[in-house]
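Structure at a glance
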Amino acid sequence: MQDSRRFSVQKVHDRKASTVEDDVVTEEPLEIRVNGQSFSVTMRTPGNDFDLARGLLWTEGIITGEPEIGTI
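Residues numbered from 1 in each chain as written. Predicted model: local features only at pLDDT ≥ 70, side-chain atom pairs only at ≥ 80, totals over all residues. Heavy atoms only, no water.

1. Side note on the pairing of strand β3 (residues 28-34)
Examined bridge by bridge, β3 and strand β4 (residues 37-44) share 7 bridges and lie antiparallel to one another. By the bridge assignment, R33 is partnered in β4 with S38. In sequence, β3 turns back onto β4 through a hairpin of 2 residues, with N35 there showing a positive phi of about 50 degrees. (Pairing = 2+ DSSP bridges. Helix = DSSP H or I, 4+ residues; strand = E, 2+ residues; numbered from the N terminus.)

2. Things to note about the nonpolar core
Across soluble globular proteins, nonpolar side chains show a tendency to be buried alongside one another. Among the nonpolar cores identified, the biggest contains 5 residues, and these are L30, I32, A53, L57 and I63. Looking at this core, the elements with two or more residues in it are β3 and α1 (49-59). (Core = buried A, V, L, I, M, F, W, Y, C linked by side-chain atoms within 4.5 Å. Buried < 20%, exposed > 50% of the residue type's maximum accessible area, 1.4 Å probe, protein only.)

Structural measurements only, silent on function.
Structure below.
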């Protein structure tokens, strides 16, 4: 997975445009399943997927602690 990609973009400063290379952050979908069933699909910046899944499940009240997590 790539966190960013390089693109040519138009930069405007004092009403003058110039083309510059810039890094743009990418997003990718992440599907979270509970007991084999799809629970949620969220867009995220790649990285720390396990922490994101745990936090979402805890916030939504699906789990109350680490012992309830089977596999990630």
